[in-house]
Amino acid sequence: MNKLSSFRRITVKIGSALLVDRKSGLKRDWLASLVDDVAVLTVQGTEVLVVSSGAIALGRTMLGLKSRALRLEESQAAAAVGQIALAGAWADALARHGLKSGQVLVTLGDTEERRRYLNVRATVGTLLKMQAVPVINENDTVATSEIRYGDNDRLAARVATMMGADLLVLLSDIDGLYTAPPAIDPNAEFIPFVERITPAIEAMAGAAASELSRGGMRTKLDAGKIATVAGTAMVITSGTRPNPLSAIDKGERATWFAASANPVRGYKTWIAGNLEPAGRVTVDAGAVRALLSGKSLLPAGVTLVSGNFSRGDTVAVLDPSGREIARGLAAYDAADAVRIAGLKTAEIEAVLGHEARSAMVHRDDMVMSAHAETASP
Ligand code: GLU
């Protein structure tokens, strides 16, 4: 596989369990070894962005909160205590190599609303220009349960594609993807390379998550879909050893995910990575064929509309078997979409009382899923 220094811009996501020990707190030696690797890459001309988990885990250790489940407001308070220490530890470790750093805390709306997305992108881009390493996390102290990423795998993928990184590294307590979760299946086989994240690959993930982190293999594959569609390769490897980035170059076990050969760009990157579609439209077989050949989705091909979306919101487009094949911005509110589903363009005006926009989702506002070419029918 390629050396990490052959990539131009890398986003590295670090799981909580790597950085925080429940008893002793922050694992400073490990952090120092990781930052040694970051410094080497930086000298070689590779830009590095860090997405660091660990605020909640560190905060609860610092506050002496035992291992019981925390209430939301307790986690939020723990994050406030943990984040300040976490960011300080990153800043110190990077400063030892003469590197500057900048803390960026984001909430879901900062990447899901187009204007705020552009704003965050500009700020993080400026940090990189100033040669400061962005150290990014979810703003857990203000994020409420309904409106949050919840896991940093998908957040890291969103950040990586937003910033046009060509590689996303997920450092975790598992060394890669197996045919089944290895903790529950002793016959699980390791998979070194994934060309495309198909439903068969997704089925291998199971639902397992470790104690300290929210994301299991499932959120890592979700991250992989967001990344690879936008042209960002991904690698999952264990971060439990020191110098985990140089370990990848030394050939330690890791699963690589290829970036799409035809990545979406710019505006479509934002659509493709949208984390919470506001609704779903199911389409018939003819519409699936039309979409695969690059056409817009017409109301005539829509068989079912669900969700409460407004015009301009992201909707998932499902094939007749319920599998997502595309994502795009709805040209109609949900209520109108329901009324015109299945109708020919000429019939729509009579129903809506005004001239129709021809498409339910216009091709310019739509991105096909990575696996869509293999989709039925
Ligand atoms: N944002 C959370 C934290 O810093 C971590 C989320 C995750 O584990 O993925 O504590």
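Notes on the structure in this doc start here. Just so we're clear, the structure is a prediction, and the values are computed from it rather than from any experiment. Each chain carries its own residue numbering, running from 1 in the direction its sequence is written. In keeping with the predicted nature of the model, local features appear solely for residues at pLDDT of at least 70, side-chain atom pairs appear and are counted solely at 80 or more, and the whole-chain, interface and lining totals rest on all residues. Heavy atoms throughout the structure, all of them, feed into the side-chain values; hydrogens and water do not.

### Structural notes on the side chain of Thr237
Numbering of helices and strands runs from the N terminus; a helix is a DSSP stretch of H or I covering at least four residues, while a strand is a stretch of E covering at least two. Tracing the chain through its elements places Thr237 in strand E11 (residues 233-238). The class for Thr237 is buried, based on a relative accessible area of 0%. Residues adjacent in sequence count toward polar contacts only when both atoms are side-chain atoms; beyond that, a polar contact is any pair of N or O atoms within 3.5 Å, and within protein one must be able to donate a hydrogen and the other to accept it. Of the polar contacts made by the side chain of Thr237, one reaches the backbone oxygen of Arg253; its length is 2.7 Å. By definition, residues are in contact when any of their heavy atoms lie within 4.5 Å. If we ignore the near neighbours within four places in the chain, the residues touching Thr237 are Leu170, Leu171, Ser172, Ile174, Asp175, Ile248, Arg253 and Ala254. Each residue gets one of three labels from its accessible area relative to the maximum for its type: buried under 20%, exposed over 50%, partly exposed in between, using a 1.4 Å probe on protein chains only.

### Considering the site of the ligand
We call a residue near a given molecule or strand whenever any one of its heavy atoms falls within 4 Å of it. Contacts to the ligand come from 12 residues, most closely from Ala55, Ile56, Asn137, Asp140 and Asn152. In this structure, Asn137 approaches the ligand through a side-chain N or O atom, which is 2.8 Å from an oxygen atom.

### Here's the deal with the sheet that holds strand E7 (residues 167-172)
Strand order in this open sheet of eight strands is E5-E6-E4-E1-E7-E11-E12-E10, and the pairing throughout is mixed. This sheet does not close on itself; its edge strands, each paired only once, are strand E5 (100-106) and strand E10 (193-194). Here, strands pair whenever DSSP counts at least two bridges between them. Pairing of strand E1 (residues 9-14) with strand E4 (residues 47-52) involves six bridges; the strand directions are parallel. Considered in E4, the bridge of Lys13 is made with Val51. Lying on the sheet, helix H9 (residues 217-229) is in contact with E7, E11 and strand E12 (254-257); it crosses E11 at an angle near 155 degrees. A fitted line through C-alpha atoms represents every axis, and for helices the fit uses only the stretch in contact; the resulting angles, taken between N-to-C directions, go from 0 to 180 degrees.

### Comments concerning the packing of helix H3 (residues 55-62) against helix H4 (residues 72-95)
A pair of packed helices is characterised by two quantities: the angle between their axes and the separation of those axes. H4 packs onto H3 with a crossing angle of 95 degrees between their chain directions and a minimal axis gap of 6 Å. The angle between H3 and H4 places the two elements in the roughly perpendicular class. Contacts from Ala55, Ile56, Leu58, Gly59, Arg60 and Met62 in H3 reach Ser75, Ala78, Ala79, Val81, Gly82, Gln83, Ala85 and Leu86 in H4. Here the nonpolar group is Ala, Val, Leu, Ile, Met, Phe, Trp, Tyr, Cys and Pro; Asp, Glu, Lys and Arg are the charged ones; every other residue, Gly included, is treated as polar. Across the contact of H3 with H4, the residue classes tally to nine nonpolar, four polar and one charged. Small angles under 35 degrees read as roughly parallel and large ones over 145 as roughly antiparallel, with 65 to 115 read as roughly perpendicular and the rest as oblique.

### Points about the pairing of E11
Most of E11 is tucked away: six of the six residues are buried. The alternating pattern of E11 places Ala233, Val235 and Thr237 on one face and Met234, Ile236 and Ser238 on the opposite face, and all of these are buried. The sheet contact formed by E7 and E11 spans six bridges and is parallel. Bridge pairing in E11 links Ser172 to Ser238. Across four bridges, E11 lies against E12 in antiparallel orientation. In the sheet register, Ile236 faces E12, and the bridge partner there is Thr255.

Function-wise, these values are silent; they only describe arrangement.
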